Amino acid sequence: MRGTFANIRIKNKLVEPTEGGFTIKFPENERLFVYDAAMRYREEGTPLIVLAGKEYGTGSSRDWAAKGSQLLGVKAIIAESYERIHRSNLVGMGLLPLVFREGQSWSSLGLDGSETFSIIGVENMQHRKVLQVRAARSDGREIGFEVMARLDTEIEVEYFAHGGILPCALRKILEKGPN
């Protein structure tokens, strides 16, 4: 899985001191609304990764927050921790919730949002699988680190493999055939 980090926090380090739904579109370094940047990435075929802090999803309108991320083209979120229900909703929408190792964060790793990410080991997914991440900077330097997939049960692994709970349920219905 490869992607480009889209920083969707309210106060966005990439576009300080501006607040609101803005981000930087790479490699152009163009300041855009998050939606506009996401649509441009979609046109280019670039999946998105969100880097987040602690208790990601707390206070959100949980199911819509997960749907919105999926509709923007987000494929994975790497956070320090998750709000319990939001993590489950992300899986239900086919997104991959990942957690940094204890004591690590995007900030402690020196990530600034301009990197291109590769997540190694997504194939043959298992619950709580440890994956390797490589973040490549435009100057060729690379930062490597481990994350754990927060797919906590076998059914969540199945949902993720099928792209979410709805595609999984539809496939099962179609496999059964007419009664």
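Here goes a summary of the coordinates provided. (Residues numbered from 1 in each chain as written. Predicted model: local features only at pLDDT ≥ 70, side-chain atom pairs only at ≥ 80, totals over all residues. Heavy atoms only, no water.)

When its secondary structure is counted, the protein chain shows five helices and nine strands. Its helices and strands in sequence order give the protein chain the pattern β-β-β-α-β-α-β-α-β-β-β-β-α-α, from N to C terminus. Every one of the 179 residues in the protein chain was classed for burial, and the buried ones make up 43%. The contacts of the protein chain with a sequence gap of at least 6 include a subset with a gap of at least 24, amounting to 54%. Per element, the accessible surface of the protein chain, about 9,700 Å² overall, is 52% carbon and sulfur. (Helix = DSSP H or I, 4+ residues; strand = E, 2+ residues; numbered from the N terminus. Buried < 20%, exposed > 50% of the residue type's maximum accessible area, 1.4 Å probe, protein only. Contact = heavy atoms within 4.5 Å. Areas by Shrake-Rupley, 256 points an atom, 1.4 Å probe, with all protein chains shown as cover.)

All of the buried residues in helix α1 (residues 34–44) are V34, A37, A38, M39 and Y41. Remark: G45 follows α1 within two positions and exhibits a positive phi of approximately 75°.

Peptide bonds are trans in most cases, and residues, glycine excluded, mostly fall at negative phi. The residue after F26, namely P27, is reached through a cis peptide bond having omega 5°. Not every positive phi belongs to a glycine, and E55 is a case in point at roughly 55°. Position of E55 among the secondary structure elements: in the loop between β4 (48–51) and α2 (62–72). Phi angles above zero are rare outside glycine, and R128 is one such case at about 60°.

The subject of this paragraph is the pattern of salt bridges. Under the definition given, this model contains 13 salt bridges. Ionic pairing is found between R128 and D152, a salt bridge with its closest N-O pair at 3.0 Å. A residue pair is termed long-range when its members are at least 10 positions apart, and R128 in the loop between β7 (116–120) and β8 (130–136) and D152 in the loop between β9 (142–149) and α4 (154–161) qualify at 24 residues. You can call R128 partly exposed: its relative accessible area is 39%. Taking the shortest distance from any N to any O, the salt bridge between D139 and R141 comes out at 2.8 Å. (Salt bridge = Lys/Arg side-chain N within 4 Å of Asp/Glu carboxyl O.)

Together, I165, L166, L170 and I173 give the surface a local cluster of nonpolar side chains, amounting to about 390 Å² of exposed area. Relative to the elements of secondary structure, L170 occurs in helix α5 (residues 165–176). By relative accessible area, which is 44% here, L170 ends up partly exposed. (Patch = residues over 30% accessible without salt bridge, like charges linked within 9 Å, V, L, I, M, F, W, Y side chains within 5 Å.)

Axis separation between α4 and α5 bottoms out at 7 Å; the angle between their running directions is 90°. With respect to α5, the axis of α4 lies roughly perpendicular. Contact with α4, carried on its side by I155, E158 and Y159, involves I165, C168 and K172 of α5 and no other residues of that element. By residue class, the composition of the contact of α4 with α5 is four nonpolar, no polar and two charged. (Axes fitted to C-alpha atoms, helices over the stretch in contact; angles between N-to-C directions. Parallel < 35°, antiparallel > 145°, perpendicular 65-115°, else oblique. Nonpolar A, V, L, I, M, F, W, Y, C, P; charged D, E, K, R; others polar.)

Before going further, it helps to examine the environment of E156. Along the chain, E156 falls in helix α4. Those residues in contact with E156, other than ones at most four positions away along the chain, are R87, S88, V91, R150 and L151.

Moving on, we get to the nonpolar core. I78, L96, L98, L111, M125, L131 and F145 are the most contacted members of the largest nonpolar core, which has 25 residues in total. If you list the elements that add at least two residues to this core, you get β4, β5 (74–79), β6 (96–100), β7, β8, β9 and α4. No other element matches the four residues that β9 contributes to this core. Setting aside chain neighbours within four positions, we find F145 in contact with I78, F100, Q104, L109, L111, F117, L131, Q132 and V133. With 21 residues, the next largest nonpolar core counts L32, A38, Y41 and L72 among its residues. (Core = buried A, V, L, I, M, F, W, Y, C linked by side-chain atoms within 4.5 Å.)

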